[in-house]
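Breakdown of the fold
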Amino acid sequence: LRRMLDGGRLSSLILWGPPGVGKTTIARLLAVDAKLEFEQISAIFSGVADLRKVFERAKARRAAGKGTLLFVDEIHRFNKAQQDGFLPHVEAGVITLVGATTENPSFELNAALLSRAQVFTLKRLDDDAIEKLLKRAEAEEGRDLPLTDEAREVLRNMADGDGRFSLNLAEEVFAEPVGRTPIEPKELGSIIQRRAPIYDKGQESHYNLASALQKSIRGSDVDAALYWAARM
């Protein structure tokens, strides 16, 4: 991405990753850095009429010498015909398309669209990244989270690599009275409802978990096998 921006040649992209890892944030930052107008639509709530309006606005901007970055959230929710509708505008340079998806693009997106976009795989945030977000939240609030070190670790684990959810958890903890005694892990569980792990039974998450379970069994790792079985 850095090379694309430095070279002034930002191509269309597909950002593939779980919720809360920064797909929308990356798209916004790319638009700012590339000096493109940012347009955002969601495939869940938008139809052909909405897309037509976006394309018309992008054409008008292009005529005025301004580019458009179109961010499409949950792009895999668009059907084949709707996905095909992006192609002429991408090829003509009317829009730079950045699509976000939680599903494997190879299975959910048209080959024609994939051939015109570069796929970037985003991973869950690690423990250090979640901690950075919590510290930013504390700086924004001007006070520390009222948590013991053990409870803070539990909160990071509950976030399960989802930055957005970690900030939601922090908001709930900040709602506690100022100056209260630090929250212990057991009390934290009563304050915050435990996050339900992502599991979609028959799609990408199912096969990821099944694969992890099988590899753990083959590797004779009892604890890991029990963990993945419990997750499933």
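Reference entry: report on the structure contained in this document. Note that the structure is a prediction, hence the values are computed from the model and not measured. (Residues numbered from 1 in each chain as written. Predicted model: local features only at pLDDT ≥ 70, side-chain atom pairs only at ≥ 80, totals over all residues. Heavy atoms only, no water.)

1. Here's the deal with the packing of helix H8 (residues 127-141) against helix H10 (residues 163-174)
Orientation of H8 relative to H10, taken along the N-to-C sense of each, is 40°, at an axis distance of 10 Å. As summarised for this structure, H8 and H10 are arranged oblique, according to the angle between their axes. For the pair H8 and H10, the crossing hand works out as right-handed. Contacts between H8 and H10 involve Ile130, Leu133, Leu134, Ala137, Glu138 and Glu141 from the first element and Gly163, Ser166, Leu167, Ala170 and Phe174 from the second. Classifying every residue of the contact of H8 with H10 gives 7 nonpolar, 2 polar and 2 charged. (Axes fitted to C-alpha atoms, helices over the stretch in contact; angles between N-to-C directions. Helix = DSSP H or I, 4+ residues; strand = E, 2+ residues; numbered from the N terminus. Parallel < 35°, antiparallel > 145°, perpendicular 65-115°, else oblique. Left-handed = near helix turned anticlockwise from the far one by under 90°. Contact = heavy atoms within 4.5 Å. Nonpolar A, V, L, I, M, F, W, Y, C, P; charged D, E, K, R; others polar.)

2. A few points about the packing of aromatic side chains
Inspection of every chain in the model, using the stated rule, returns 4 aromatic pairs. Judged by centre distance (4.8 Å) and plane angle (75°), the ring pair of tyrosine 227 and tryptophan 228 falls under edge-to-face. Through pairs of rings, three or more aromatic residues link up here, namely Phe55, Phe78 and Phe86. (Phe/Tyr/Trp six-rings, centres within 6.5 Å; stacked < 30°, edge-to-face > 60°.)

3. Remarks on the environment of phenylalanine 71
Looking at the element boundaries, phenylalanine 71 is found in strand S3 (residues 68-73). Taking the C-alpha atoms as reference, phenylalanine 71 lies 37 Å from alanine 151; in sequence the two are 80 residues apart.

4. Here we look at the nonpolar core
Counting 20 residues, the largest nonpolar core has Leu70, Val72, Ile75, Phe78, Phe86, Ile95 and Leu97 as its most contacted members. Listing elements by their share of this core, those giving two or more residues are helix H3 (48-63), S3 and helix H5 (87-91). The biggest single contributor to this core is H3, with 4 residues. The contacts of isoleucine 95, once residues within four sequence positions are left out, are Phe55, Ala58, Thr68, Leu70, Phe86, His89 and Val90. Counting 17 residues, the second-largest nonpolar core is a separate cluster that includes Leu147, Leu155, Val173 and Leu188. (Core = buried A, V, L, I, M, F, W, Y, C linked by side-chain atoms within 4.5 Å. Buried < 20%, exposed > 50% of the residue type's maximum accessible area, 1.4 Å probe, protein only.)

5. Here we look at the sheet that holds S3
Here 5 strands make up an open sheet; going across it, the order is S2-S3-S4-S1-S5 and the pairing parallel. Both outer strands of the open sheet, strand S2 (37-42) and strand S5 (118-121), are each paired with one neighbouring strand and no more. The mean angle between the axes of side-by-side strands here comes to 20°, regardless of whether they run parallel or antiparallel. Pairing of S3 with strand S4 (residues 96-101), which is carried by 4 bridges, proceeds in the parallel orientation. For leucine 69, the partnering residue across the bridge sits in S4 and is threonine 96. Along the sheet, helix H2 (residues 23-33) makes contact with strand S1 (13-16), S2, S3 and S4, crossing S3 at roughly 175°. Across the face of the sheet, H3 comes into contact with S2 and S3 while running at roughly 175° to S2. (Pairing = 2+ DSSP bridges.)

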